[in-house]
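The primary structure of each chain is shown beneath.
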Amino acid sequence: MKKLRLRYLGDPILRKKARKLDKVTPSVRETVEAMWDLMEKSKGIGLAAPQAGLSQRIIVVDTREDGEQYALINPEIVWASDVCSPLSEGCLSIPGVEAEVIRPSHVRVKGSNIQGKEIEIEAKDLLAKVMQHEIDHLNGVLFIDRLEDREKEKIQPELDRFEAPVSA
Ligand code: NI
């Protein structure tokens, strides 16, 4: 199996727009398998390929609810509700930091499954939030970019720890 390791805030790959995949090849399936493994080991409920050092449009999601396990290639949000709700979010790439993010409560997501078949997912509540969080990663966007000023201020000291330049 491919060996992947987590990338943390400050790693430039997290800020890059990830590349779209033309086809779901055996190599892509191997990547998905390695991402599942990394997500499970890290006890996450979602992981995007850039967090594992790969600039490719792949996400894996497991909310721990029955039937809410997905691996998606080139996922896209095709509809989002006007209704939004807050949720305290964290990220495997910013360990120990949590803050409240307001996002649409309900979205529809399109993408390919690992068989290369186009699927559409109706996502509500936690699943909707995780899908949006992971798809943001593919565009170089982190949950800390979506905080209201007051929330951002609260966690800024913790963020500074990650992005502080290493002194010689
Ligand atoms: Ni994340």
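Heads up: these notes are all about the structure in this document. (Residues numbered from 1 in each chain as written. Predicted model: local features only at pLDDT ≥ 70, side-chain atom pairs only at ≥ 80, totals over all residues. Heavy atoms only, no water.)

## Considering the coordination of the nickel ion
Then, in step 1: On the protein side, the nickel ion has Cys-91 (SG), His-133 (NE2) and His-137 (NE2) as donor atoms, found 2.1 to 2.2 Å from it.
Then, in step 2: In the primary sequence, the donor residues of the nickel ion line up as C-x41-H-x3-H. Of the two residues, Cys-91 sits in the loop between strand 4 (84-89) and strand 5 (99-104) while His-133 sits in helix 2 (residues 125-138), which places them 42 residues apart along the sequence. His-133 carries the same exposure label as Cys-91, and that label is buried. (Donors = N, O, S within 2.8 Å, 3.2 Å for Na, K, Ca; no water. Helix = DSSP H or I, 4+ residues; strand = E, 2+ residues; numbered from the N terminus. Buried < 20%, exposed > 50% of the residue type's maximum accessible area, 1.4 Å probe, protein only.)

## Some remarks on the side chain of Ser-93
Then, in step 1: With respect to the element layout, Ser-93 can be found in the loop between strand 4 and strand 5.
Then, in step 2: In this structure Ser-93 comes out as buried when scored by relative accessible area, which is 0%.

## Thoughts on the environment of Leu-92
Then, in step 1: Tracing the backbone shows Leu-92 in the loop between strand 4 and strand 5.
Then, in step 2: Note: C-alpha distance between Leu-92 and Tyr-8 (84 residues apart in sequence) is 7.8 Å.
Then, in step 3: Those residues within four positions of Leu-92 in sequence are excluded, and the remaining contacts are Leu-6, Tyr-8, Ser-42, Gly-44, Gly-46, Leu-47 and Gln-51. (Contact = heavy atoms within 4.5 Å.)

## Here's the deal with the pattern of salt bridges
Then, in step 1: Per the counting criterion, the structure on display carries 10 salt bridges.
Then, in step 2: A salt bridge links Lys-41 to Asp-37; the nearest nitrogen and oxygen atoms lie 3.2 Å apart. Separated by 4 residues within a single helix, Lys-41 and Asp-37 lie in helix 1 (residues 26-41), roughly one turn from each other.
Then, in step 3: Residue classification places Lys-41 among the exposed residues on the basis of a relative accessible area of 53%.
Then, in step 4: Residues Lys-154 and Glu-151 are paired through a salt bridge, measuring 2.8 Å at the closest nitrogen-oxygen approach. Of this pair, Lys-154 and Glu-151 are both found in helix 3 (residues 149-163), 3 residues apart, which corresponds to roughly one turn of the helix.
Then, in step 5: Judged by its relative accessible area of 53%, Lys-154 falls in the exposed class.
Then, in step 6: A relative accessible area of 16% means that Glu-151 is categorised as buried.
Then, in step 7: Among the charged side chains, a salt-bridge network with shared partners connects Glu-89, Arg-103, Asp-136 and Arg-146. (Salt bridge = Lys/Arg side-chain N within 4 Å of Asp/Glu carboxyl O.)

## Details of the packing of aromatic side chains
Then, in step 1: Tallied over the entire structure, the rule returns 0 aromatic pairs.
Then, in step 2: Geometry around Trp-79 places Arg-108 over its ring, the cationic atom sitting 4.8 Å from the centre. (Phe/Tyr/Trp six-rings, centres within 6.5 Å; stacked < 30°, edge-to-face > 60°. Lys NZ or Arg CZ within 6 Å of the ring centre and 35° of its normal.)

## Quick word on the sheet that holds strand 7 (residues 118-124)
Then, in step 1: In spatial order, the strands read 1-2-3-6-7; together these 5 strands make up an open sheet with antiparallel pairing. On the outer flanks of this sheet lie strand 1 (46-48) and strand 7, each paired with one strand and no other. The sheet shows a mean angle of 40° between the axes of neighbouring strands, taken without regard to direction.
Then, in step 2: The pairing of strand 3 (residues 69-80) with strand 6 (residues 106-112) spans 5 bridges and is classified as antiparallel. For Trp-79, the partnering residue across the bridge sits in strand 6 and is Arg-108.
Then, in step 3: Relative to the sheet, helix 1 contacts strand 1, strand 2 (58-62) and strand 3, its axis offset from that of strand 2 by approximately 40°. (Pairing = 2+ DSSP bridges. Axes fitted to C-alpha atoms, helices over the stretch in contact; angles between N-to-C directions.)

## Some remarks on helix 3
Then, in step 1: Within helix 3, the axis deviates most sharply at Gln-156, by approximately 55°, and proline Pro-157 lies no more than four positions further along.
Then, in step 2: Where helix 3 is concerned, the buried positions are Glu-151, Ile-155 and Leu-159.
Then, in step 3: The elements touched by buried residues of helix 3 are strand 5. (Bend = angle between axes of the 7 residues up to and from the residue.)

## Details of the pairing of strand 2
Then, in step 1: Burial analysis of strand 2 places 5 of its 5 residues in the buried class, which makes it a mostly covered element.
Then, in step 2: Burial along strand 2 is two-sided: the face carrying Ile-58, Val-60 and Asp-62 and the face carrying Ile-59 and Val-61 are both buried.
Then, in step 3: The pairing of strand 1 with strand 2 spans 3 bridges and is antiparallel. Across the sheet, residue Ala-48 finds its bridge partner in strand 2, namely Ile-59.
Then, in step 4: Where strand 2 lies against strand 3, 5 bridges are found, and the strand directions are antiparallel. Bridged to Ile-58 within strand 3 is Ile-73.

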